[in-house]
Amino acid sequence: MNYNYHQDLNIVRMNTMPDRAYYIPCAPSKNTTSKENNERVLLLNGSWKFTYYPSFAEASLEGVSDNVLPVPSNWQMYGYDKHQYVNIDYPIPYNPPFVPKENPCGVYKRTFSVELTEEMQFHLNFEGVDSCHYVFLNGVFIGYSQVSHSTAEYDITPFLQDGENEIAVMVLKWCDGTYLEAQDKFRMSGIFRDVYLLQRPQHHVRHYVVQTSLQQESATVSFKFDDFGTALVKSVKILDAEGRAVAQGETCDETLSLTIENPVLWNAEQPYLYQMVLDTLQERIIDTIGIRTISAQGNVLLANGQPIKFKGVNRHDSYPDTGYVASREQMVRDLQLMKQHNINAIRTSHYPNAPEFYHLCDEYGFYVIDEGDMESHGAWSSHGFRDNDWYAVVHHDPQFQTAIVDRVQRLVTRDINRPCVVIWSLGNESGLGVNTLAAVDAVRKLDSSRLLHYESKNFMPEDQEKFNFDILDVESHMYPDLEYTERLAQENKKPLILCEFAHAMGNGPGSLSEYYELFYRYDGFAGGFVWEWCDHAILQYDASGNAQYLYGGDFGEVLHDGNFCVDGLVYPDRTPHTGLLELKNCARPVHITRAGNTFSAENKLDFADLSDAVTVVWSLEQNGTKIAEGSIANFNLAPHAKAPLPLSLPPIDGARVYLKFEYLQKAVHPLIPVGTSLGFDQFDLSTEDMSVSLPVSHSAVTAEQTPTGWLVNGETFSYHFNTALGTFDSFKIDGIECFDRPAEFDIHRAPTDNDMVEAGIASYGQNSWKSLRLDAAYAYTYETVVEQSNTSVTITCPLSLVADRAAPFCNIQAVYNVYGSGAVEVSMHVSVRKDLAYLPRFGMRYFLTEDFQNCTYFGYGPQESYSDKHAGSYKSMFNATVPDLFENYIYPQENGSHSGTEECTLSNANTTLKAFSTKPFSFCASEYTREELAAKKHHFELQKGGCTVWNIDYAMTGVGSGSCGPYTIEQYRLTEKEFVFDYMFIPRRNL
Ligand code: GAL
Ligand code: MG
């Protein structure tokens, strides 16, 4: 093939029609916006003949292949070519406008039939093709377009023949647009969104823009039509949600203005939509209209004049089984999960989504930052590794201007009528240059009713003084730490947004509640968007049909970014991660606070009165058992208002008394069943601390020396203390061994993704856990002193934790008191080496026999919890099996710990072992050792350890979001240099 538009920066399209707003027309008097069962739409989705060529040069329209490929799809999902995941870098040489000669090409072919008439035109639409396409009809070249995530439309009327026609589409993997599409994702190809033919009358409205403005008691809805200057008669009717006409008018002009009295406004909480019926003689267009304003007053972001907060996420089109293809069902599922987790805003990172997506956001209520298909920081690594001088080169180079401007024009023109879109975003991570300014102008010309966003203004290596940030309407940042975030929130002149924060990779994000606290503390803080919604991975099945997820590097790619794509709030199959539960409660609709005996509720919604939105229920638990409950119905509370709750609690007396308020969905919403829990607050009302008295036993306990230590015997037990290890290596209750192998001191954990730098996985930092050798620590004991009384044996063992090459990490004075009942009091006085900034954890791990499967604990649950990640968990007495406690991260890592634990028991059929401390601790019980978790790169490679690994930790460092952003903040790291860790170990023989 000798077409070369795909290597020409000035040609971004050939023979396409002018861009227009998205809509699906229908025949007059019909009532549909669907692509199906609509006589004006011929949907060309389905099976196409498909021939794959490793290079465009070899491709031919003549080639006949019997292979078929579904449209929409990505061909890599069907075994053609191969997957590659790269984040920032270009997967091809940085040599614009050229792309590799080995440029994979898919030739798609199919036939369809039309009946030609004088009156009708036929417009061929592609909603998404990666990376570009050449279209042919009956062998004749029709046109070309790039910009993967935007619509291309062709008038093919003159090329059609009555009856059967053959369409052929050549799709190329790379084009010069690839330099503008360096988004962090699997780089897939093909026709991945709908393809269809619209049948339009010769005279029709091609494009229309609906803008709304508010007066005291009315709204003006103004229409601007493009009918090619044909003075077509356009009649418009606006219907309310009940189908009543509330305004109508007719015009031959290009504009029309209608008034709606007492309009109901659209917002994300109450997404009220009107219907527009636009009739011309031979066609009808139905659309929805939402009346709302979006503005900035000073640095406060307002919707309909009311300050709002974005409780947002970044969303990619990414599904483990369909790649970029997002069916309506898949999109609704995402939105439903978001709604049920209190998410009210989406940034379409980093490209326009399918047009239908915005209709769903209108309908279900989401604020959208709609982002252009633009990301070019691959140039950063083009002259050595990430050289800042090259970051913004594409935005600086005027040769790219046509293409960059085209991308935002396509974005704005297509989605201009969607009320959900409140902010346009120029793109992501491309730096700032002359082309950015041109793109800003282009957006402003098309739409002045929305705000403009571009985070990458922060990156502009040269000519800084030339650029004026006033060109943007919001101040946006990525991954600032809390301190810097707060400074931004104190100084911002424009609404502050974190367009990305709380990198949700693996076990995390930590400190989400601290960020949310800042959102609420500062009026000028409009909230943020967690990075990101879903894990990207490719699904395959093993021989037994188990799902396996693959990521970068699993396809033999040379350049790849490993599992950096596995960083979402939901697993690829949309199972929520524990991070999503954390986000859910941070974004809960109500906050309840306590002052003495008064509990006050604050309505954190921006528009709905509390009595309309949620029912507040409460329950009182003592030691995990419910002792009272109630509900507070119809509590009127205006948005953002705070008031004391009417509440009468029974008298409270005792330990572990917790009051929990829960917020249940009350309003009717299609995606949230009434009664769904939207979050909670919990208060500790205990009047005393829990104490456990050691089981009394008058039976004797003795100690006798063995070659390796001391055997401590009682009537019902026999424990062996190992003097070299400084701990027990055998634990028999009624003759039955509980230990699989000796217990150990433990100061390390299987690094989480967020530990990658600190642990020394990403780079071998000087003070990384790896270079410090924390992972190799073992005990070095100095002496063992055994004292015996009538009722107990006391073993005192000073020791250090050491590793080859390293100085001792800590010195421990370990004291074990063993009582006649078998109970053991463990007391450790620990001094940590001063130069160690912090420890990942400190505790003991016991390797119990694998039949210890049942766990009961009083602590933060039911999902895993960490010192900086327990906003979504609450304190209660939980029961779980050891497998249930496991969080199966795609990339194995530390998981399943529970902070704030006061007691934890593990049991098998014979024995129950209880660990108890008056100072809350962290525990973890797992079938996998931390060494196994650390060694394996995929969930499906894990081998069980043949035992139950039980960690009882004085503390576990929090999880932070250090994979891309701040590491665990100081207060949640185990930084203490001197501490005492006391706990009791109480065995019980099961009856
Ligand atoms: C950001 C970028 C995202 C994603 C993230 C890391 O800098 O905007 O697209 O790459 O980093 O997961
Ligand atoms: Mg990027």
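Identification of the protein chain as Beta-galactosidase from Paenibacillus pseudetheri is taken from an unreviewed UniProt entry. You can read under Sequence similarities (unreviewed entry) in the UniProt record for the protein chain the words "Belongs to the glycosyl hydrolase 2 family." Under the UniProt heading Catalytic activity (unreviewed entry), the entry covering the protein chain gives this text: "Hydrolysis of terminal non-reducing beta-D-galactose residues in beta-D-galactosides."

A.B. asks: Where do I start with the environment of Pro920 in this structure?
C.D. replies: Turning to its location among the elements, Pro920 is positioned in strand β59 (residues 911–926). Residue Pro920 is classed as partly exposed on the basis of its relative accessible area of 40%. Separated by 17 residues in sequence, Pro920 and Glu903 have C-alpha atoms that sit 8.1 Å apart.

A.B. asks: Help me out: how do you make sense of the packing of aromatic side chains in this one?
C.D. replies: Centre-to-centre distance and the angle between the planes together describe a pair of aromatic rings. Under the definition given, this model contains 69 aromatic pairs. Note on Phe126 and Tyr154: the rings are 6.1 Å apart at their centroids and 80 degrees apart in plane angle, and the pair reads as edge-to-face. Of this pair, Phe126 sits in strand β8 (residues 120–126) while Tyr154 sits in strand β12 (residues 152–155), placing them 28 residues apart in sequence. With respect to class, Phe126 is no different from Tyr154; both count as buried. Both rings, one in Phe739 and one in Tyr846, keep their centres 5.9 Å apart while their planes meet at 50 degrees; by these two values the pair is tilted. With a gap of 107 residues between them, Phe739 in strand β49 (residues 739–746) and Tyr846 in strand β55 (residues 841–849) connect regions that are remote in the sequence. For the pair Phe739 and Tyr846, a shared accessibility class is recorded, and that class is buried. The aromatic ring of Phe366 is capped on one face by Lys339, whose charged end is 4.9 Å from the ring centroid. The aromatic ring of Tyr838 is capped on one face by Arg973, whose charged end is 5.2 Å from the ring centroid.

A.B. asks: Explain the nonpolar core to me, please; I cannot follow it from the model alone.
C.D. replies: Nonpolar side chains in soluble globular proteins generally cluster together in the buried interior. Of all hydrophobic cores here, the largest spans 128 residues; its most connected members are Phe310, Leu335, Trp533, Ile592 and Phe661. By size, the runner-up hydrophobic cluster in this structure holds 68 residues, among which are Phe721, Leu799, Tyr838 and Phe979.

A.B. asks: Explanation requested: the site of ligand 1 in the structure shown.
C.D. replies: Residues in contact with ligand 1, as listed here, are Asn87, Asp184, His350, Asn428, Glu429, Met478, Tyr479, Glu500, His503, Trp531, Phe564 and Asp567. Between ligand 1 and His503 there is a distance of 2.7 Å, counted from an oxygen atom to a side-chain nitrogen or oxygen. Contact between ligand 1 and Trp531: an oxygen atom at 3.1 Å from a side-chain N or O atom of the residue. The protein chains hide 94% of the 310 Å² of surface that ligand 1 would expose on its own. For the shell around ligand 1, a count of residues per class yields four nonpolar, four polar and four charged.

A.B. asks: Would you mind showing me how to read the sheet that holds strand β3 (residues 41–43) here?
C.D. replies: The strands making up a sheet are joined through hydrogen bonds of the backbone, oriented either antiparallel or parallel. Read across the sheet, four strands follow the order β3-β16-β8-β12 without closing on themselves; strand pairing throughout is antiparallel. Of all the strands in the sheet, just β3 and β12 have a single pairing partner and so form its edges. Ignoring which end each strand starts from, the neighbouring axes of this sheet average 20 degrees apart. Sheet topology places β3 next to strand β16 (residues 195–201); three bridges connect them, and they run antiparallel. Across the sheet, residue Leu42 finds its bridge partner in β16, namely Leu197.

A.B. asks: Would you mind showing me how to read the coordination of the magnesium ion (ligand 2) here?
C.D. replies: When a metal carries six donors in an octahedron, the ideal angles between them are 90 or 180 degrees, while four donors in a tetrahedron ideally lie at 109.5 degrees. Binding of the magnesium ion (ligand 2) to the protein goes through Glu375 (OE), His377 (NE2) and Glu429 (OE), at separations of 2.1 to 2.3 Å. Positions of the donor residues of the magnesium ion (ligand 2), expressed as sequence spacing, correspond to E-x1-H-x51-E. Placement of the pair is Glu375 in the loop between β29 (367–371) and α3 (393–396) and Glu429 in the loop between β30 (421–425) and α5 (434–446), with a sequence separation of 54 residues. For Glu375, a relative accessible area of 1% gives the class buried.

A.B. asks: Would you take a moment to explain the layout of surface pockets for this structure?
C.D. replies: If a probe the size of a water molecule is rolled over the atoms, the empty space left behind becomes visible. By volume, the second largest pocket amounts to about 750 Å³. What lines the second largest pocket is a set of 32 residues, and nearest its centre among them are Tyr22, Lys35, Asp194, Arg328 and Glu356. For the lining of the second largest pocket, the elements supplying multiple residues, two or more each, are β23 (283–289), α1 (328–340) and α2 (355–364). Looking at the lining of the second largest pocket, its residues break down into 14 nonpolar, seven polar and eleven charged.

A.B. asks: Explanation requested: the packing of helix α7 (residues 512–521) against helix α8 (residues 578–586) in the structure shown.
C.D. replies: When two helices pack together, you describe them by how their axes are tilted relative to each other and by the distance separating the axes. Running from amino to carboxyl end, α7 crosses α8 at an angle of 25 degrees, the nearest separation of the two axes being 10 Å. Considering their axes alone, α7 and α8 lie roughly parallel with respect to each other. Relative to α8, α7 is oriented so that their crossing is right-handed. Together, Leu512, Ser513, Tyr516 and Tyr520 of α7 and Gly579, Glu582, Leu583 and Cys586 of α8 make up the contact between the two elements. In terms of residue class, the contact of α7 with α8 is made up of five nonpolar, two polar and one charged.

Cut-offs applied
- Residues numbered from 1 in each chain as written.
- Chains lettered and ligands numbered in written order.
- Predicted model: local features only at pLDDT ≥ 70, side-chain atom pairs only at ≥ 80, totals over all residues.
- Heavy atoms only, no water.
- UniProt positions renumbered as here; feature names shortened; annotations may be inferred.
- Helix = DSSP H or I, 4+ residues; strand = E, 2+ residues; numbered from the N terminus.
- Buried < 20%, exposed > 50% of the residue type's maximum accessible area, 1.4 Å probe, protein only.
- Phe/Tyr/Trp six-rings, centres within 6.5 Å; stacked < 30°, edge-to-face > 60°.
- Lys NZ or Arg CZ within 6 Å of the ring centre and 35° of its normal.
- Core = buried A, V, L, I, M, F, W, Y, C linked by side-chain atoms within 4.5 Å.
- Near = heavy atom within 4 Å.
- Polar contact = N/O pair within 3.5 Å; in protein donor to acceptor, adjacent residues only side chain to side chain.
- Areas by Shrake-Rupley, 256 points an atom, 1.4 Å probe, with all protein chains shown as cover.
- Nonpolar A, V, L, I, M, F, W, Y, C, P; charged D, E, K, R; others polar.
- Pairing = 2+ DSSP bridges.
- Axes fitted to C-alpha atoms, helices over the stretch in contact; angles between N-to-C directions.
- Donors = N, O, S within 2.8 Å, 3.2 Å for Na, K, Ca; no water.
- 1 Å grid on protein atoms, 1.4 Å probe; cavity = no way out; pocket = protein on both sides within 12 Å on 5 of 7 lines; lining within 4 Å.
- Points joined across faces, edges and corners; volume = space filled by probe spheres on them.
- Parallel < 35°, antiparallel > 145°, perpendicular 65-115°, else oblique.
- Left-handed = near helix turned anticlockwise from the far one by under 90°.
- Contact = heavy atoms within 4.5 Å.

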